[in-house]
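Notes for the structure review
The chain contents come next:
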Amino acid sequence: MSPFPVLLGNAATHIDAELSRILDRETDRGTPPRLVSAMRHAVLGGGKRFRPFLTLQSAALFGVEPSFAQTAACAVELIHCYSLVHDDLPCMDNDELRRGRPTVWKAYDEWTAVLAGDALQSLAFEILSAPTGHDNPTIRAELVLALSCAGGAGGMVGGQILDLEADKLQVGPHGDIAHITRLQAMKTGKLIAVACELGAILGKASPEDVKALKIYGDALGFAFQISDDLLDAEGQTEEVGKATGKDAAAGKATLVSLFGVTEARHHLDQAIDQAIAALERFSARTQPLIDAANYMGRRTH
Ligand code: GRG
């Protein structure tokens, strides 16, 4: 069995190739070159492809046809990439470095970055709802519903506004652990959880299996966020590929600033254990998902 970084890297190679093909189609159908170029900058050339990995591996639990799993995996990654492009904008997080390269607004300009993000979001739903997403239209509708709920007002976008409100308007209970946990579950956790859920939807899984994967995805999302906060607190910019130390410099309340590094690591370990326990009901092919959970404890980027 390959170590997790190799497994993740192999999945990333496949996903990169598929994303590149999807973006080539934009050129083929006459999308304005500046837009295609900015979309390519946002999507290709970096990214761990962690969320697509989760979709592929969750789908593998149910023996899903690989091309359907791959399409859903790419749709999740397109949503993730759009969110990063918008999050990096001067009006939001004002970041100049992403995945070790200039952010889209820095490489192009703000209006191009806004539009590239918009187009990536639409593209995600286009590929998911097209017949190549699944041959059963009901399944396709379920996929679209799950991804739009996770990415929208009740999920990632809602979490982002809570975060920006706290940051820019000092609205919300600063330093309240329940508030920060909810905010992060919405902003980061829901997309990670839905990456797992899409595999279950594709596999026409039983409600119990869907529930187990949701528990796994939620715990993993929480672990991901703590590990991300730890990277910001302890990581080096060159290795992480984006600015670090930003949270502390901005006086931002994070799980690490509230708990301290040692207790945050304890919560991280607990979340990893919870994620792995949720997989117990599946009899086979769970090792990559177990490895993904354990990887949260030793991420370096
Ligand atoms: C703009 C609607 C909107 C939402 C933005 C996800 C998000 C919401 C902002 C990203 C800010 C951030 C750094 C959050 C921490 C968790 C996170 C999403 C990290 C980046 O994900 P990785 O580590 O990145 O999977 P790669 O580059 O590997 O894809």
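Reference entry: report on the structure contained in this document. Because the structure is predicted, anything quoted here is derived from the model rather than measured. (Residues numbered from 1 in each chain as written. Predicted model: local features only at pLDDT ≥ 70, side-chain atom pairs only at ≥ 80, totals over all residues. Heavy atoms only, no water.)

Details of the site of the ligand
Rules: In these notes, residues near a molecule or strand are those with any non-hydrogen atom within 4 Å of it. Pairs of N or O atoms are called polar contacts if they sit within 3.5 Å, as long as, within protein, a hydrogen donor faces a hydrogen acceptor (for residues adjacent in sequence, only side-chain-to-side-chain pairs). Computed with the Shrake-Rupley method and a 1.4 Å probe, the accessible areas treat only the protein chains shown as cover for residues. Here a strand is any run of E in DSSP of at least two residues, a helix any run of H or I of at least four, and the numbering for each starts at the N terminus. Under the grouping applied here, Gly and all other residues not named as nonpolar or charged are polar, the nonpolar ones being Ala, Val, Leu, Ile, Met, Phe, Trp, Tyr, Cys and Pro and the charged ones Asp, Glu, Lys and Arg.
Close to the ligand lie 20 residues; Lys48, Arg51, His80, Asp87 and Arg99 are nearest. At a separation of 2.6 Å, an oxygen atom of the ligand approaches a polar side-chain atom of lysine 48. In this structure, an oxygen atom belonging to the ligand sits 2.8 Å away from a side-chain N or O atom of histidine 80. Coverage of the ligand by the protein chains reaches 92% of its 700 Å² of free accessible surface. For the shell around the ligand, the secondary structure elements donating two or more residues are helix H4 (66–87), helix H8 (156–169), helix H9 (177–202) and helix H10 (207–234). The dominant element in the shell around the ligand, judged by the number of residues it contributes, is H4, at six residues. The class makeup of the residues in the shell around the ligand is six nonpolar, six polar and eight charged.

Observations regarding the pattern of salt bridges
To be explicit about the condition: A side-chain nitrogen of Lys or Arg and a carboxyl oxygen of Asp or Glu constitute a salt bridge if their distance falls within 4 Å. For each residue, the accessible area found with a 1.4 Å probe, counting protein chains only, is set against the maximum for its type, and the residue is called buried under 20%, exposed over 50%, and partly exposed in between.
Scanning the entire structure with this criterion turns up 15 salt bridges. Between arginine 29 and glutamate 26 there is a salt bridge, with the nearest N and O atoms lying 2.6 Å from each other. Looking at arginine 29, the relative accessible area reads 48%, which means it is partly exposed. Between arginine 281 and aspartate 209 there is a salt bridge whose closest N-O contact spans 2.6 Å. In this pair, arginine 281 sits in the loop between helix H14 (261–278) and helix H15 (287–295) while aspartate 209 sits in helix H10, placing the two residues 72 residues apart along the sequence. A relative accessible area of 47% places arginine 281 in the partly exposed class. Overall, aspartate 209 belongs to the buried group, its relative accessible area being 15%. Connected through shared salt-bridge partners, Asp16, Arg49, Glu77 and Arg99 make up one network.

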